[in-house]
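Chains, contacts and geometry: an overview
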Amino acid sequence: MICEISKKCGGCQFINQDYQKSLEYKNSYMKALFKDFHVAIHPIIGMHNPYGYRNKVIVAFNKNYEYGLYQEHSHHIVPYSYCLLHDELTDSIIHKIALLLKKYRVPIYDPRTCKGEIRHVLIRRSYTTKQYMIVLVSTKTMLKGSRNFSREIVKEFPQVKTIVLNTNTRDTVVVLGEKETVLYGKGFIIDYLCDLSFKISAKSFYQINHEQCEILYKKALSLLSIRKDDIIYDTYSGIGTIGMIAAKYAKRVYSIEKNKQAVKDAKINQAFNSLINVYLIQDDAGEYMIHQMKQNVSADIIIMDPPRSGSSLEFIQASCQLGPREILYISCNPETQIRDLKIFKNYGYYFKDIYSIDMFPFTNGIESITVLRKH
Ligand code: SAH
């Protein structure tokens, strides 16, 4: 399969290359990165079918109602008719939305003049239930003809379970605004992950590749030796997925996440799954761990899954002070992970193995996991 716009789009660095070769490249990258550590670097876990994996797709439109991604550092859209990382239905839905926007003459937003209405369209898909969500990002709080718009979409695509209008009036590259109006359905879709159910709303953080995410969580948790009496801290927890999956093996799980919306989603998901031993805390992970340290609290296991920028010195210092038996470090950026692992070493926490997972095939992303133990 060939992508015809890969050079212009720039989204996937490896798209027109052999998939196995890209995995080999990632393996050698990891080997080079960790060469001074003298640890076992396990081969990256790839996908059997590395296409069509994205559960979330965002596109913008130009004034001719063509859609695509913005070219890097520009207001120019690179139109596409299909994307190899999207499932076919996602692109068919976007195609229909473009036709309807044109039919109803909905003005497209122009970032150069800040005029117009529709800024982006976001599609979310539930991998297990095959439910779809459409989010129309507009400068307005209403969409003229939205009833007909929704009816026409749902008639052709009954898999679309909800349509949301998100209002973003600011002159910003951030896609979503604060305000949301549900045009159709409940405003969320349901997905299942490792036997738990999750409610996904327009703004929630959710893993983009479901299949690899399950493999990641299972692999990560299999590296830990969780005991029934354990107190686990799941930090940078997003909508609480990892902690909730671990909860049934432990006494209690504290999940710490900074993003308000994610914690809100997590609370709904906790209730949804009747998890009584999970405590969801909205806070900065570093500040929270410092607070726990000052209270002389101890932890048995700490799970951390920070953003690309990695963790902080304060977080690492405080976490080590809690004296966990094991620290599971999941990272979407091995370079910042290495920086942090060096700091852990100063506090007597060491790792012996590095595992990696190809979460985003054909892009240069690598998800890497390791467990630290006290020497
Ligand atoms: N563990 C989750 C999410 C990982 S993504 C999962 O597997 O889905 C990283 C998360 O860290 C994001 O949800 C982000 O909002 C959160 N985050 C970023 N900086 C943070 C900080 N300083 N304190 C707490 N959470 C933070």
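None of these values were measured; they are calculated from a predicted model.

Take the overall build of the protein chain next. Each helix and strand counted, the protein chain has 10 helices and 18 strands in total. In terms of overall dimensions, the protein chain is globule-like: its C-alpha atoms have a radius of gyration of 22 Å, near the 21 Å expected for 375 residues. Taken over the C-alpha atoms alone, the protein chain extends approximately 65 × 45 × 35 Å along its principal axes. Out of the 375 residues belonging to the protein chain, those deemed buried represent 54%. Of the contacts formed within the protein chain by residues at least 6 apart in sequence, a portion of 67% connects residues at least 24 apart. Accessible surface, the protein chain as shown: approximately 18200 Å² in total, 51% of it carbon and sulfur. Both charge centroids of the protein chain, one from 50 positive and one from 37 negative side chains, sit 5 Å from each other.

Near the ligand there are 16 residues, and of these Tyr-217, Glu-257, Asp-284, Ala-285 and Asp-305 occur at the shortest range. A distance of 3.1 Å separates an oxygen atom of the ligand from a polar atom in the side chain of Gln-207. Between the ligand and Tyr-236 there is a distance of 3.1 Å, counted from a nitrogen atom to a backbone nitrogen or oxygen. When the ligand is considered free in solution it has 580 Å² of accessible area, and contact with the protein chains removes 87% of it.

Before going further, it helps to spend a moment on the nonpolar core. One finds Val-135, Phe-198, Tyr-217, Ile-303, Leu-328 and Ile-369 to be the most contacted residues of the largest nonpolar core, which totals 45 residues. When near neighbours in sequence (up to four residues on either side) are disregarded, Ile-369 contacts Leu-216, Lys-219, Ala-220, Leu-223, Leu-328, Tyr-329, Ile-330, Gln-337, Asp-353, Ile-354, Tyr-355 and Ile-357. By size, the runner-up hydrophobic cluster in this structure holds 44 residues, among which are Tyr-233, Ala-299, Ile-338 and Leu-372.

We now examine the sheet that holds strand E5 (residues 118-125). Each strand in a sheet pairs with its neighbour through backbone hydrogen bonds, running either in the same direction (parallel) or in the opposite one (antiparallel). Taken together, seven strands build an open sheet; the order of strands is E4-E3-E2-E5-E6-E7-E8 and the sheet is mixed. Among the strands making up the open sheet, the edge pair consists of strand E4 (77-79) and strand E8 (179-184). Ignoring which end each strand starts from, the neighbouring axes of this sheet average 35 degrees apart. Sheet topology note: the strand E3 (residues 67-70)/E4 ladder contains three bridges and is antiparallel.

Once that is clear, we can look at the packing of helix H3 (residues 88-103) against helix H4 (residues 146-156). Direction vectors running N to C along H3 and H4 enclose 150 degrees, while the axes themselves pass 11 Å from each other. With respect to their mutual orientation, H3 and H4 come out roughly antiparallel. Crossing of H3 against H4: the hand is right-handed. Taking contact as the criterion, the partners of Lys-96, Ile-97, Leu-100, Leu-101 and Lys-103 in H3 are, on H4, Phe-149, Glu-152, Ile-153 and Glu-156. Looking at the contact of H3 with H4 residue by residue, the classes come out as five nonpolar, no polar and four charged.

In this structure the tally under the stated criterion is nine salt bridges. Taking the shortest distance from any N to any O, the salt bridge between Lys-96 and Glu-156 comes out at 2.9 Å. One end of the pair, Lys-96, is in helix H3; the other, Glu-156, is in helix H4, with 60 residues separating them in the sequence. Across the pair Arg-373 and Glu-326 runs a salt bridge, and its minimum N-O distance is 3.0 Å. Linking Arg-373 in strand E18 (residues 367-374) with Glu-326 in strand E15 (residues 326-331), this pair joins segments that are 47 residues apart in sequence. Arg-373 sits in the partly exposed class, given a relative accessible area of 37%. On the basis of relative accessibility, which here comes to 2%, the residue Glu-326 falls in the buried class.

Next up on the list: helix H2 (residues 19-33). With 15 residues, H2 extends 21 Å between its outermost C-alpha atoms, agreeing within 8% with the 21 Å of an ideal straight helix rising 1.5 Å per residue. When H2 is considered as a whole, its buried residues turn out to be Tyr-19, Ser-22, Leu-23, Lys-26 and Met-30. Buried residues along H2 cover an arc of 100 degrees about the axis, so they all sit on one side. Those residues of H2 that are exposed and aimed more than 90 degrees away from the buried face are Lys-21, Glu-24 and Lys-31. Packed against the buried residues of H2 are strand E1 (40-41), helix H10 (334-346), strand E17 (353-357) and E18.

Quick look at the side chain of Asp-265 now. Within the element layout of this structure, Asp-265 appears in helix H7 (residues 260-272). At 6.6 Å, Lys-199 is the nearest oppositely charged side chain to Asp-265, a buried residue that forms no salt bridge. Within the local environment of Asp-265, its side chain forms a polar contact with the side chain of Ser-204, the two groups lying 3.0 Å apart. What Asp-265 contacts, discounting residues up to four positions off in sequence, is Ser-201, Ser-204 and Ile-239.

Looking now at H7. Along its 13 residues, H7 runs 18 Å from first to last C-alpha, staying within 8% of the 18 Å computed at 1.5 Å per residue. Among the residues making up H7, those that are buried are Ala-262, Val-263, Asp-265, Ala-266, Asn-269 and Gln-270. The arc that holds the buried residues of H7, viewed along the axis, is 160 degrees, so those residues lie on one side. Of the residues in H7, the exposed ones pointing more than 90 degrees away from the buried face are Lys-260, Lys-264 and Ala-271.

Calculation criteria
Residues numbered from 1 in each chain as written. Predicted model: local features only at pLDDT ≥ 70, side-chain atom pairs only at ≥ 80, totals over all residues. Heavy atoms only, no water. Helix = DSSP H or I, 4+ residues; strand = E, 2+ residues; numbered from the N terminus. Rg over C-alpha atoms; globule rule 2.2 N^0.38 Å. Buried < 20%, exposed > 50% of the residue type's maximum accessible area, 1.4 Å probe, protein only. Contact = heavy atoms within 4.5 Å. Areas by Shrake-Rupley, 256 points an atom, 1.4 Å probe, with all protein chains shown as cover. Lys, Arg positive; Asp, Glu negative; His and termini not counted. Charge placed at Lys NZ, Arg CZ, Asp CG, Glu CD. Near = heavy atom within 4 Å. Polar contact = N/O pair within 3.5 Å; in protein donor to acceptor, adjacent residues only side chain to side chain. Core = buried A, V, L, I, M, F, W, Y, C linked by side-chain atoms within 4.5 Å. Pairing = 2+ DSSP bridges. Axes fitted to C-alpha atoms, helices over the stretch in contact; angles between N-to-C directions. Parallel < 35°, antiparallel > 145°, perpendicular 65-115°, else oblique. Left-handed = near helix turned anticlockwise from the far one by under 90°. Nonpolar A, V, L, I, M, F, W, Y, C, P; charged D, E, K, R; others polar. Salt bridge = Lys/Arg side-chain N within 4 Å of Asp/Glu carboxyl O. Expected span 1.5 Å × (residues − 1). Arc of directions from axis to C-beta.

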